[in-house]
Amino acid sequence: MKKTRKAGGIYNGIYLDYAASTPVAPEVKRAMQPYFSEFFGNPGSLHSFGQEAIAAVDAARETIAKAIRAEFREVIFTSGATEANNLALRGVVSAVWHILRGNGRLSAPAAESGLSSRPDGSDIRVGDQSRRGSEMFRVKHAAPRNLNNNVKPKLIVSAIEHESILNTAYALEAEGVEVAVLPVDKKGIVDLKKLEGMLDERTALLSVMYVNNEIGSVQPLAAIAKLISDFRKESGTSPLFHTDAAQAFEYFECDIKKLGIDLMTLSSQKMYGPKGAGALYIRNKELGIMNYESGKRRDGAITPNSRFVVPEITGGGQEFGLRSGTENVPAIVGFGKALARAEKKRKEHAKYVGALKDYFLKGLRKIYPKVRENGISRAPHIVNLYFPTEFTGDFLVKMDMAGIAVSSGSACSARSFTPSHVLHAIGLPSERVRGSVRFSFGVPTTTREIDEALRRMRNVL
Ligand code: PMP
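Residues numbered from 1 in each chain as written. Predicted model: local features only at pLDDT ≥ 70, side-chain atom pairs only at ≥ 80, totals over all residues. Heavy atoms only, no water.

Visitor: Even after reading the chapter, I still don't get the packing of helix α10 (residues 329-367) against helix α15 (residues 447-460), so can you show me in this structure?
Guide: A pair of packed helices is captured by two measures, namely the crossing angle of their axes and the spacing between those axes. Where α10 contacts α15, the two axes come as close as 10 Å, and the packing angle between them is 25 degrees. Taken together, α10 and α15 sit at an angle that is classed as roughly parallel. Note on packing geometry: the crossing formed by α10 with α15 is right-handed. Side by side, α10 and α15 meet where Leu356, Tyr359, Phe360, Gly363, Leu364 and Ile367 of the first sit next to Thr447, Ile450, Asp451, Leu454, Met457 and Arg458 of the second. Looking at the contact of α10 with α15 residue by residue, the class counts come to eight nonpolar, two polar and two charged. (Axes fitted to C-alpha atoms, helices over the stretch in contact; angles between N-to-C directions. Helix = DSSP H or I, 4+ residues; strand = E, 2+ residues; numbered from the N terminus. Parallel < 35°, antiparallel > 145°, perpendicular 65-115°, else oblique. Left-handed = near helix turned anticlockwise from the far one by under 90°. Contact = heavy atoms within 4.5 Å. Nonpolar A, V, L, I, M, F, W, Y, C, P; charged D, E, K, R; others polar.)

In structure tokens, the structure reads:
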């Protein structure tokens, strides 16, 4: 049993909340160690201390890019999945707003933008050797055709997205963006027919997560991408497809080419890496996404013009201008190491954790036959369960007192016991939503721990 430090001291805690966070793997910790005090330079500095740091950041970027079959420059480090999701939604929507409002141009003249054109008219990148602010992405067709300034961009998000997508979408809605919520069926899978009806010429972005963090449903991303691709051909517009793969990478292949993804969120802390690191993959090909030149406004503020993703955080121009601020070098190094490890051990981990989950469910059904699964989890590590005799809040407290750490859903809402929007979205009645809890398993979980958890749960129930 893991000795876990608690406010009141050390207790024999059983952690079954790996979807909320995973412990940093020992080899990841070792890889990070030298970057706290030995190689501590600022990656932006030209001297050798800085160069050591940027080399480590770039090595992590290279590892991540290779694993998802992206290019080096398509991986933007962020502080985690929340920030990556914000950058995806706000960044694309801002770009489209700028274009619609006439602040940006769809195709800036080469001389002005630092771009030049190929004979076929497609832009090529020039003068972008620096990783600093002179480089950015730009899309030729980001704005739907035939639009005037009164038209709003539209954002489509699935009903079971993480709060960092949903609340960002609602914040954008308050700023005038049209937000359409794509429903899911009782298994927690998006409705493709409804999606087809929702896509229109104003659609700037569709965001559908890969693996749901509360019920473990897995979305048919390739089928969604095909639908988007057909729509692009038909309409001549380019809605982009973003997926939040924070819960996916540890157990599912995240090949952006096979999946047909334009933007993808990754999170280090869900794959035995440290907190404080995540990434947004942004496709820079085919859609005509290019570098941009930041324009200086008269008042001196930097205002990027014609671009595809507008940075949320502006400053020194790190991360190819898309995410300013000195890189969190140790966390990024750890993220790279954790991702390489996850990629290498994916099959083994999925098999082991999936078997543990089955073992737990079998044991639980024996001691509490009334238990029911919510939705259908295809993720090895997650299961969401309904306990008809329990209220989630009280149950979580009782479980915690028994030394079992589980949660009601996403970590951020767990503290306030907010009824789960995901369970409502799959059509469960309020009473069932109020009696449901998520269990999630991890590589460090053992059958001994599960036996002990079941023994304690017998008392709780
Ligand atoms: N997306 C998903 C699917 C998640 O599970 C989480 C973490 N619960 C997040 C985004 C947010 O991650 P973070 O809090 O690390 O930014």
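Now that the structure has been shown, the text picks up again.
Visitor: Whenever I open this one, the site of the ligand confuses me. Can you help?
Guide: Every residue lining the ligand is accounted for by Ala81, Thr82, Asn85, His162, Ser164, Met209, Asn213, Asp244, Ala246, Gln247, Gln269 and Lys270. Thr82 has a polar side-chain atom sitting 2.7 Å from an oxygen atom of the ligand. Within the side chain of Gln269, an N or O atom sits 2.8 Å from an oxygen atom of the ligand. Contact with the protein chains hides 86% of the accessible area of the ligand, taken as 400 Å² for the molecule alone. Considering every element that reaches the shell around the ligand, the biggest residue donor is helix α4 (residues 81-100), with three residues. Here the shell around the ligand is composed, by residue class, of three nonpolar, seven polar and two charged. (Near = heavy atom within 4 Å. Polar contact = N/O pair within 3.5 Å; in protein donor to acceptor, adjacent residues only side chain to side chain. Areas by Shrake-Rupley, 256 points an atom, 1.4 Å probe, with all protein chains shown as cover.)

Visitor: What's the story with the confidence of the model for the chain in this structure? I'm lost.
Guide: It should be kept in mind that the predicted coordinates are not to be read in detail where pLDDT is low. Looking at the chain as a whole, the pLDDT averages 84, with 80% of positions reaching at least 70. This model gives residues 103-148 a pLDDT under 50, and the stretch forms 133 contacts once residues within four places in sequence are excluded. Note that residues 286-307 has pLDDT below 50 and, in this model, 73 contacts with residues that lie over four places away or in other chains. (pLDDT = per-residue confidence, 0-100.)

Visitor: Please clarify how the environment of Ala84 should be interpreted in this entry.
Guide: As for its position among the elements, Ala84 is in helix α4. Put simply, Ala84 and Arg323 are 239 residues apart on the chain and 9.8 Å apart in space, counted from C-alpha to C-alpha. The residues touching Ala84, leaving out its near neighbours within four places in the chain, are Thr78, Thr265, Ala279 and Leu280.

Visitor: Would you explain the sheet that holds strand β9 (residues 240-244) in this entry?
Guide: Strand pairs in the sheet, formed through backbone hydrogen bonds, run parallel or antiparallel to each other. Overall, mixed pairing links the seven strands, which are arranged β3-β11-β10-β9-β8-β6-β7 in an open sheet. Single-partner strands in this sheet number two, and they are β3 (75-78) and β7 (178-182). Strand-to-strand twist of the sheet, defined as the mean angle between neighbouring strand axes without regard to direction, takes the value 20 degrees. Inspection of the sheet shows β9 paired to strand β10 (residues 263-267) by three bridges, in the parallel sense. Within β10, the position partnered with Asp244 by the bridge is Thr265. Strand contacts of α10: β3, β10 and β11 (278-282), with the helix running at about 100 degrees to β10, the strand carrying the most contacts. (Pairing = 2+ DSSP bridges.)

Visitor: For this particular structure, what's the right way to read the packing of aromatic side chains?
Guide: Pairs of aromatic rings are described using the distance from one ring centre to the other and the angle between the two planes. Enumeration according to the criterion identifies eleven aromatic pairs in this entry. Taking the centre distance of 6.3 Å and the plane angle of 75 degrees together, the rings of Phe72 and Phe320 count as edge-to-face. Of this pair, Phe72 sits in the loop between α3 (48-68) and β3 while Phe320 sits in the loop between β13 (302-304) and α10, placing them 248 residues apart in sequence. With 5.5 Å between their ring centres and 40 degrees between their planes, Tyr368 and Phe387 make a pair best called tilted. Of this pair, Tyr368 sits in the loop between α10 and β14 (372-373) while Phe387 sits in the loop between β15 (382-386) and α11 (392-401), placing them 19 residues apart in sequence. Chaining the aromatic ring pairs together yields one cluster made of Phe360, Tyr368, Phe387, Phe395, Phe439 and Phe441. The ring of Phe72 has Arg61 lying over it, and the distance from NZ or CZ to the ring centre is 5.4 Å. (Phe/Tyr/Trp six-rings, centres within 6.5 Å; stacked < 30°, edge-to-face > 60°. Lys NZ or Arg CZ within 6 Å of the ring centre and 35° of its normal.)

Visitor: Where do I start with the side chain of Ser377 in this structure?
Guide: Within the secondary structure, Ser377 sits in the loop between β14 and β15. Ser377 gets classed as buried once you look at its relative accessible area, which sits at 12%. A distance of 3.3 Å separates a polar atom in the side chain of Ser377 from a polar atom in the side chain of Lys357. Beyond its immediate stretch of four places on either side in the chain, Ser377 contacts Ile215, Gly216, Ser217, Lys357 and Ile382. (Buried < 20%, exposed > 50% of the residue type's maximum accessible area, 1.4 Å probe, protein only.)

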